Structure formats: C-alpha cells, structure tokens
Amino acid sequence: MTTRTPAATTRSADCRTRFIFDDMPVRGQHVRLEEVWRHIAGQKRYPAAIRRALGELLAAGALLSSNLKTEGTLIVQVQGQGRLKMLVVEATSAGTCRATARWDTQSTVGDDENLRSLLGENGIFAITLQPQDGEPWQGVVPLEGESIAQMLVNYMKRSEQLDTHITLAASDEACGGLLVQRLPESAPDPEAWEHVATLAQTVSAEELVQLDAHHLLYRLFHETPPRVFDAEPIEFACTCSRGKVSDMLLMLGGEEVGSVLEEQGSVEIDCDFCNAKYVFDETDINALFGMDVAAAVRGEGARIQ
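Residues numbered from 1 in each chain as written. Predicted model: local features only at pLDDT ≥ 70, side-chain atom pairs only at ≥ 80, totals over all residues. Heavy atoms only, no water.

You can see Gly 145 is positioned in the loop between β8 (137-142) and α4 (148-159). For the pair Gly 145 and Arg 116, spaced 29 residues apart in sequence, the C-alpha separation works out to 7.9 Å. (Helix = DSSP H or I, 4+ residues; strand = E, 2+ residues; numbered from the N terminus.)

Below you can see the structure in the form of structure tokens.
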C-alpha cells in the first residue's frame with residue numbers, strides 16, 4: 001500500500017519511511033524516533049551538545065540501515081581525541097537500534113559547543129557492515145565537516161559517489177532525519193536533482209523532530225509529490241548478554257581477570273548501551289576458567305595459560 005496524501009494513517013514516531021519520485025531519478029527516506037531516543041538518551045547524563053550529536057547519529061544510523069541487503073548490523077562510529085572520544089550507533093536489519101557515547105566526564109562541555117571542537121584533531125568517521133553470516137566490511141575516512149550530517153555526506157561522496165543530501169536534528173524529546181539521494185545507475189538529471197535537493201534544504205530542525213513523514217513530505221514536495229511507502233517501525237534493543245560478557249572475560253585471560261577478582265572480590269561489567277550490570281563472583285569466574293583463578297594469580301594454583 002502506498003499513498004500520496006498527508007492525512008494517511010501512520011505512526012508519527014519511532015519509524016522510518018521510504019519514498020521515491022516516479023518522474024525523477026531520486027529516492028529518499030525520513031526517520032523520526034521519539035520513545036526510542038528518550039530511552040537511549042536517558043541511559044546517561046549526557047552533556048547537551050553530546051546528547052544532540054548522539055541523537056543526530058542515531059537518526060543517521062536508522063536511515064542507513066535500511067540499505068542492509070542481508071540480515072545483520074550496521075555500525076556507525078565517530079571517534080575523536082578531544083573531550084568527546086566516541087559516538088556509536090548500531091542498527092539492525094530487524095529494525096532495532098542502540099547507541100552510546102564516551103567522553104571525558106571530568107571536562108566541561110558547553111551546551112552549544114561545536115562538534116569538531118569536542119572531537120579534537122585526527123578523528124575518524126567509520127561505517128561497519130556486520131552480516132549475520134559472513135565477513136564484516138568497514139569503511140573509514142577522516143572527519144570532514146562540522147556536523148554529523150556533513151560528515152556523513154562527505155563519507156558517502158567518497159564511498160558511494162552518489163549525490164546525497166542529509167539533514168539531521170535532535171531535541172530532548174525526539175530525533176529525526178531526512179535523506180534524499182540520486183538513484184544509482186540512473187541517467188544524470190541535474191535539474192531534477194537540484195529541484196529536490198533545494199526543497200529538502202528548506203527543512204528545519206524543528207520540523208524534523210516534530211512532524212511525521214507524511215506531513216513533512218507534503219510540506220516540502222506537495223507540487224511534485226513522491227510515492228510514499230508504508231512506515232517501518234524502529235525499536236530499541238540491546239544485544240548484550242551474560243554469555244557475551246563471559247566470552248569477553250575469557251578473551252581477557254585468567255591472569256587479568258584473576259587480578260581484578262583478587263583486588264575487588266568479584267568482577268562487574270556494565271553494558272555501555274543499556275546499563276545492564278553483570279556480576280561474576282569467585283565461583284562464577286572459577287567455573288568459567290575451569291580453575292581457581294585467584295589462587296593461580298597468587299601463585300598457589302595451576303599456572304594460567
């Protein structure tokens with residue numbers, strides 16, 4: 001089912017909506033996340049500037065994950081060496097997502113600080129495709145641009161070499177994004193692309209976080225309306241588990257884990273995405289490694305391999 005009317009029934013939040021211009025070689029997507037974004041933003045006490053950037057990256061990840069051809073996960077990362085260390089979003093082919101940020105919590109971050117100043121020098125923008133079955137692929141480029149949208153557009157120019165326009169926005173209540181792109185393998189039509197891109201550039205941050213797809217697209221393109229497809233729901237989901245934490249501890253090795261156990265009496269791991277806490281006491285650790293790890297660290301047991 002498709003529609004061209006702004007009054008069509010659709011969820012106003014937590015969904016992604018595709019559209020295409022039948023008479024122009026241009027496609028697009030709109031996303032707006034409300035409950036999902038509030039849940040993610042509520043996991044930590046993010047400074048306003050970092051929270052806004054994370055919301056924009058979340059909207060970008062939700063947009064880009066629609067291009068996953070097989071079951072898997074898209075990971076979008078911005079890494080820096082300044083006060084902001086990392087923004088990361090994971091979005092899956094199943095319509096779920098999660099996101100987090102890491103920063104120097106001892107430093108001061110102004111509410112309206114520029115993203116590039118927070119990231120510092122020598123940062124990178126990376127996109128990783130992790131198929132459920134298959135080898136991962138990653139593209140990494142230096143940071144170019146002053147915002148998440150500019151960084152993403154520059155990345156796509158380098159990797160896909162397709163004309164693309166992206167606008168992203170985030171508030172305390174919602175985040176949203178609009179992407180329009182020239183169809184791959186289509187005959188170049190500069191006038192059509194300029195027409196759509198110029199209209200897309202008029203969207204405001206307030207409209208992105210407040211309007212659903214049908215009302216926003218009608219406002220922008222009512223003279224040349226696109227064909228709008230059914231909305232695709234987006235949900236929050238975290239993939240952490242006690243089993244995955246166990247695997248991570250095994251990778252760290254008995255000596256390092258045993259040292260923590262000896263010092264603290266247990267090993268506690270918090271999920272950076274959902275704040276779930278996983279606690280392993282001495283019995284758990286010994287069962288995991290099949291030996292008395294703490295005793296081995298003290299030199300009282302079997303040698304740790």
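Attention now moves to the pairing of strand β14 (residues 267-270). Judged from the 4 bridges that link them, β14 and strand β15 (residues 277-280) form a sheet pairing that is antiparallel. Within the sheet, the bridge partner assigned to Ile 269 lies in β15 and is Tyr 278. The turn linking β14 back onto β15 is made up of 6 residues, and Asn 275 within it adopts a positive phi angle of 70 degrees. (Pairing = 2+ DSSP bridges.)

What follows concerns the sheet that holds strand β13 (residues 235-236). With mixed pairing, 6 strands are arranged side by side in an open sheet as β8-β7-β4-β5-β6-β13. Looking at which strands have only one partner, the edges of the open sheet turn out to be β8 and β13. Sheet topology note: the strand β5 (residues 84-92)/strand β6 (residues 96-103) ladder contains 7 bridges and is antiparallel. Residue pairing in the sheet places Glu 90 in a bridge with Arg 98 of β6. On the sheet, helix α2 (residues 48-64) packs against β4 (72-79), β5, β6 and β7 (124-131) and is oriented at approximately 30 degrees with respect to β5. (Contact = heavy atoms within 4.5 Å. Axes fitted to C-alpha atoms, helices over the stretch in contact; angles between N-to-C directions.)

Before going further, it helps to spend a moment on the environment of Pro 226. Here Pro 226 shows up in the loop between α7 (213-221) and β11 (227-229). Residue class for Pro 226 comes out buried when judged on its relative accessible area of 4%. Sequence separation between Pro 226 and Asp 22 is 204 residues, and the spatial gap between their C-alpha atoms is 6.9 Å. (Buried < 20%, exposed > 50% of the residue type's maximum accessible area, 1.4 Å probe, protein only.)

What follows is about the packing of helix α9 (residues 254-264) against helix α10 (residues 282-289). Where α9 contacts α10, the two axes come as close as 11 Å, and the packing angle between them is 170 degrees. In terms of their interaxial angle, α9 and α10 are classed as roughly antiparallel. Facing Gly 254, Val 257 and Leu 261 of α9, the residues of α10 in contact are Glu 282, Ile 285 and Phe 289. Classifying every residue of the contact of α9 with α10 by side-chain character gives 4 nonpolar, 1 polar and 1 charged. (Parallel < 35°, antiparallel > 145°, perpendicular 65-115°, else oblique. Nonpolar A, V, L, I, M, F, W, Y, C, P; charged D, E, K, R; others polar.)

Let's shift gears to the nonpolar core. Residues Leu 33, Ile 50, Leu 58, Val 78, Leu 87 and Phe 125 are the most contacted members of the largest nonpolar core, which totals 50 residues. Sorting elements by how many residues they give to this core places α2 first, with 11 residues. Excluding residues that lie within four positions of it along the chain, Val 78 makes contacts with Leu 57, Lys 85, Met 86, Leu 87, Leu 119, Ile 124, Phe 125, Leu 143, Ile 148 and Met 151. Core analysis: the second largest hydrophobic core is formed by 21 residues, Phe 21, Ala 169, Val 180 and Val 196 among them. (Core = buried A, V, L, I, M, F, W, Y, C linked by side-chain atoms within 4.5 Å.)

Quick look at α9 now. Buried residues of α9: Gly 254, Val 257, Gly 258 and Leu 261, and no others. On an axial view of α9, the arc spanned by its buried residues comes to 100 degrees, and they lie on one face. Away from its buried face, by an angle of more than 90 degrees, α9 presents the exposed residues Glu 255, Glu 263 and Gln 264. Count one or two residues on from α9 and you reach Gly 265, which has phi positive near 85 degrees. (Arc of directions from axis to C-beta.)

For helix α5 (residues 190-200), every residue scored as buried is listed here: Ala 192, Trp 193, Val 196, Ala 197 and Ala 200. The arc that holds every buried residue of α5, seen down its axis, measures 120 degrees, which confines them to one face. Away from its buried face by more than 90 degrees, α5 exposes Pro 190, Glu 191 and Glu 194. Check the buried side of α5 and you find it contacts β2 (15-21), β3 (26-33), β9 (164-170), β10 (175-182) and α7.

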